[in-house]
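# Summary of the model geometry
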Amino acid sequence: MKISLITPALALLTALVFTGCGKKDDAAAAPGGGATSKGTVGGIQLVTDLPPELIEGTPKPMKVPNLVPAPTKAREFLVPKGTELLSKGKKVTSSDNDPMIGALDLITDGEKDAGEGYFVELWEGPQWVQIDLGESDEIYAVWVWHYHSQKRAYNDVVIQISDDPEFKTATTIYNNDYDNSLKMGKGADRPYVESRFGLLVDAKGTKGRYVRLYSNGNTSNEMNHYIEVEVWGKKAGGKDADTSVASKDEPKTEESE
């Protein structure tokens with residue numbers, strides 16, 4: 001009788017242990033805040049052309065707490081019908097007016113490859129780049145590619161939207177500055193490993209003309225890099241457009257694997 005009572009108890013304890021471990025693993029694999037949202041309820045899948053995988057060199061150790069591993073596929077994210085790419089070819093300015101490598105217009109040229117001639121390298125320390133959409137639009141997603149041909153994490157990534165070009169007032173949609181290095185407030189989002197899938201952030205329909213992105217070096221070196229930034233939303237006073245990139249019925253094969 002004693003054995004028959006202990007066995008079910010052990011089975012129950014084992015089940016609870018494995019169930020708890022499963023929940024912990026799921027939480028550890030996900031970033032926080034706007035980088036985990038599924039987007040607009042009842043919306044359509046946002047898709048874009050993804051760059052090919054290109055891994056070069058030997059990555060350096062990434063001594064960053066609570067780091068999100070590199071994803072193996074693009075995440076599913078929904079946006080309202082009629083959402084379109086607002087940032088293509090738009091003017092880009094920066095805190096660094098003289099980049100070490102590349103020109104600022106590469107950031108909105110539509111090219112996301114990681115090879116030579118596709119990226120901008122800004123000087124060390126805290127730097128930002130800013131996209132001027134030309135008018136105040138409803139923004140539903142910001143998709144960012146830093147340098148992704150080597151596994152690395154960029155420090156103090158913050159993304160803000162504003163109608164003020166000086167950003168004296170702004171809405172923060174992403175912040176992984178966990179120790180408040182930028183003095184803009186401690187962020188709740190988790191640092192992440194760069195990949196060809198980029199960082200996709202929910203902007204929740206925030207209205208604004210300007211999008212500013214901050215970084216503060218990376219785990220491989222002290223420089224700041226950008227390959228491409230896509231801002232997705234609806235133009236002010238615009239109507240739903242059936243021809244928008246975001247209205248494709250199915251994502252491309254490489255995105256849905």
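Residues numbered from 1 in each chain as written. Predicted model: local features only at pLDDT ≥ 70, side-chain atom pairs only at ≥ 80, totals over all residues. Heavy atoms only, no water.

Inspection of the entire model under this criterion finds two aromatic pairs. Taken together, a centroid distance of 5.0 Å and an interplanar angle of 75 degrees make the contact between Phe-119 and Tyr-147 edge-to-face. Of this pair, Phe-119 sits in the loop between β4 (91–94) and β5 (120–122) while Tyr-147 sits in the loop between β6 (127–145) and β7 (158–162), placing them 28 residues apart in sequence. By relative accessible area, which is 7% here, Phe-119 ends up buried. Take Tyr-147: its relative accessible area is 12%, and that puts it in the buried class. (Phe/Tyr/Trp six-rings, centres within 6.5 Å; stacked < 30°, edge-to-face > 60°. Helix = DSSP H or I, 4+ residues; strand = E, 2+ residues; numbered from the N terminus. Buried < 20%, exposed > 50% of the residue type's maximum accessible area, 1.4 Å probe, protein only.)

Right, let's get into the pairing of β6. Counting buried residues in β6 gives 14 out of 19 residues, a clear majority hidden from the surface. Here β4 runs beside β6; their pairing, made up of four bridges, is antiparallel. Paired with Val-92 across the strands is Ile-131, a residue of β6. Relative to strand β9 (residues 199–215), β6 runs antiparallel, the two sharing 13 bridges. The residue bridging Gln-130 from the neighbouring strand is Arg-212, located in β9. Inspection of the sheet shows β6 paired to strand β11 (residues 228–234) by seven bridges, in the antiparallel sense. (Pairing = 2+ DSSP bridges.)

Throughout the structure, instances matching the rule amount to three salt bridges. Asp-132 is paired through a salt bridge with Arg-209; the nearest N and O atoms lie 2.7 Å apart. Here Asp-132, found in strand β6, pairs with Arg-209, found in strand β9; they are 77 residues apart in sequence, far enough to count as distant. We classify Arg-209 as partly exposed; its relative accessible area is 29%. Note that Lys-204 is salt-bridged to Asp-202, the shortest N-O span being 3.4 Å. Its relative accessible area of 61% is what places Lys-204 among the exposed residues. (Salt bridge = Lys/Arg side-chain N within 4 Å of Asp/Glu carboxyl O.)

Further remarks concern the pairing of β7. Sheet faces and side chains relate simply in a regular strand, where the side chains alternate between the two faces. When you tally the buried positions in β7, you get five out of five residues, the bulk of the element. Relative to strand β8 (residues 171–175), β7 runs antiparallel, the two sharing four bridges. Residue Val-158 lies in a different strand from β8, and its bridge partner there is Asn-175. As judged from the five bridges shared by β7 and β9, these two strands associate in the antiparallel manner. In the sheet register, Val-158 faces β9, and the bridge partner there is Tyr-214.

Once that is clear, we can look at the environment of Ile-161. Secondary-structure assignment places Ile-161 in strand β7. Expressed as a C-alpha distance, the spacing of Ile-161 and Thr-171, which sit 10 residues apart in the sequence, is 5.2 Å. In contact with Ile-161, not counting residues within four places along its chain, are Ile-139, Phe-167, Ala-170, Thr-171, Ile-173, Ala-203, Thr-206, Lys-207, Gly-208, Tyr-210 and Val-211. (Contact = heavy atoms within 4.5 Å.)

Generally speaking, nonpolar side chains in soluble globular proteins are found buried as a group. Val-142, Ile-159, Leu-213 and Val-229 are the most contacted members of the largest nonpolar core, which has 46 residues in total. If you tally residues by element for this core, the top one is β6, at 10 residues. Every residue in contact with Val-142, bar those within four places of it in the chain, is listed here: Ile-159, Ile-173, Leu-199, Leu-200, Val-201, Val-211, Leu-213, Val-229 and Glu-230. (Core = buried A, V, L, I, M, F, W, Y, C linked by side-chain atoms within 4.5 Å.)

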